[in-house]
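Examining the three-dimensional arrangement
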Amino acid sequence: APVPAPAPHHFSDPGEVEALRGNLLAWYDRCKRDLPWRALAETEPDADRRGYAVWVSEIMLQQTQVATVIDYYNRWMQKWPTLQALAQASLEEVNELWAGLGYYSRGKRLQEAARKVVSELAGHMPRTAEDLQKLLPGVGRYTAGAIASISYGQATGVVDGNVIRVLCRLRCIGADSSSPAVIDRLWDMANALVDRSRPGDFNQALMELGATVCVPKAPLCGECPVKQHCQARHRKLFGKPVPVPDVEDCGLGDCPLCPPATEPWDSSLGVTNFPRKAAKKQPRAMRTATCVLERRGCHGAPEYLIVQRPSSGLLAGLWEFPSLPLPQDLQEKKEREVLADHLQAWMGQPVAAKSLQFIGEVIHIFSHIHQTYVVYSLCLDGDVTPDPTSSPSRWVTEEEFHASAVSTAMKKVLE
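This one's a predicted model, so the numbers in the text were calculated from it and none came from an experiment.

**Observations concerning the packing of aromatic side chains**
For the structure shown, the criterion picks out 7 aromatic pairs. When the ring of Phe358 is compared with that of Tyr376, the centres are 5.6 Å apart and the planes differ by 65 degrees; the resulting orientation is edge-to-face. One end of the pair, Phe358, is in strand 5 (residues 357-365); the other, Tyr376, is in strand 6 (residues 369-379), with 18 residues separating them in the sequence. When its relative accessible area of 0% is taken as the criterion, Tyr376 is described as buried. Each member of the aromatic cluster is reached from another via a ring pair, and the members are Trp76, Trp80 and Trp98. Positioned over the ring face of Tyr72 is Arg75, at 4.9 Å from the centre of the ring. Its end group placed over the ring of Trp319, Arg394 keeps NZ or CZ at 4.2 Å from the ring centre.

Put into structure tokens, the structure is as follows:
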């Protein structure tokens, strides 16, 4: 079969752009989800509080689903309704509320940035995407664009995972969607498309479309408000893209935005041919010995010893059961001995390897680490006196444990 002509990869018709904007915004007005941060952004008269509310939501929504975020967001805004309130909070309090949400450095950077706004910016949020990205720790290009457009009406685009998927399908962009060339083109496209009179609503509409209709698998193309503008759908229906390419935008055979020749259009995939992603890097495997030290509290209920992780690195500042990284090839007997030696040095009292009761293994997947916790338990008759140079530690009841800043992985270990 003859190879169809390549499709242009941008919106060159002003009339089409206006139609797309209108259709998308009309759909958003009818179908948008009722989310707490949207309500605040729409009703809060104070510009700084409005920006803060959107900022918190955007940080929480990074790598995290909306359904998970809602409860965390509501509790956060109830506890710290203003930048000033957050700036006065301790990192321990932030970590406790963030526990279970993952990617814990997000909460830490959010608090650091709030303190900077209060101490260096007189308590006022920057108003433009450029200043937000330049002045606030942890605020990147996407978050800055979202805050500036939604809170302050700046006509600037946004590009997140949902927007990448929508735009790649609308314009049959089939190159690796994480490549700099593709990302730059998508940002150019987002900035050109954004509605000048309703930039925040337009950006939210584009993201909403990707989250609810133009989803990764089994997209609801029949319900899409911009389906008539979608070249991926056009190709699925008619077997070829729009026949007249923009020569300046798409060359024959060497276009950096077309699908590579080694991965041609798969008719069975339809619009889900796009976007193309680079193969994911496999997470590295790690093994960690973890010991649940238990004693009877003054009221007879069990208490557990937890220690605080370092203030930087993975799970910074969170609390965990005493743990020790292990080489991958250690046998169980050697694991016990290594863990017993670690506990003995830390507690300052003898610990026999045979006294450690093996409980089982807990697997927890971080974004870049496949972590296996080898779980042991040890019942103690009295208190322990950890090395004063070691990390802070404390005894907690089960209820106190769950209220502490502990990771989901440690909750799995206790269970």
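Okay, back to it.
**Topic: helix 13 (residues 231-238)**
For helix 13, every residue scored as buried is listed here: Gln231, Ala232 and Arg235. With its buried residues spanning 110 degrees around the axis, helix 13 presents them on a single face. Facing away from the buried side of helix 13 by over 90 degrees, the exposed positions are Lys236 and Phe238. Here the buried face of helix 13 lies against helix 10 (161-170).

**Structural notes on the side chain of Gln371**
For Gln371, the position within the fold is in strand 6. Assessed through its relative accessible area of 4%, Gln371 is described here as buried. Within the structure, Gln371 has its side chain in polar contact with the backbone oxygen of Met286 (distance 3.3 Å). Residues contacting Gln371, with those up to four places away along its chain left out, are Met286, Arg287, Thr288, Val362, Ile363, His364 and Phe366.

**Looking at the environment of Ala340**
Mapped onto the elements, Ala340 comes out in helix 14 (residues 332-347). In this structure Ala340 comes out as buried when scored by relative accessible area, which is 1%. Residues Ala340 and Cys291, spaced 49 residues apart in sequence, show a C-alpha to C-alpha distance of 9.4 Å. Residue contacts for Ala340: discarding those within four places in its chain leaves Val351, Ala352, Ala353 and Leu356.

**Quick word on the nonpolar core**
The tendency in soluble globular proteins is for nonpolar side chains to be buried as a group. Formed by 104 residues in total, the largest nonpolar core has its most connected members in Tyr52, Trp55, Met60, Trp76, Leu209 and Phe321. Element by element, the count of residues in this core is highest for helix 3 (residues 47-61), at 8 residues. Three or more residues apiece are contributed to this core by two domains, here domain 1 (14-213) and domain 2 (284-414). Formed by 19 residues, the second largest nonpolar core is a distinct cluster that contains Leu339, Leu343, Met347 and Trp395.

Conventions and cut-offs
Residues numbered from 1 in each chain as written. Predicted model: local features only at pLDDT ≥ 70, side-chain atom pairs only at ≥ 80, totals over all residues. Heavy atoms only, no water. Phe/Tyr/Trp six-rings, centres within 6.5 Å; stacked < 30°, edge-to-face > 60°. Helix = DSSP H or I, 4+ residues; strand = E, 2+ residues; numbered from the N terminus. Buried < 20%, exposed > 50% of the residue type's maximum accessible area, 1.4 Å probe, protein only. Lys NZ or Arg CZ within 6 Å of the ring centre and 35° of its normal. Arc of directions from axis to C-beta. Contact = heavy atoms within 4.5 Å. Polar contact = N/O pair within 3.5 Å; in protein donor to acceptor, adjacent residues only side chain to side chain. Core = buried A, V, L, I, M, F, W, Y, C linked by side-chain atoms within 4.5 Å. Domains from an automatic or database assignment.

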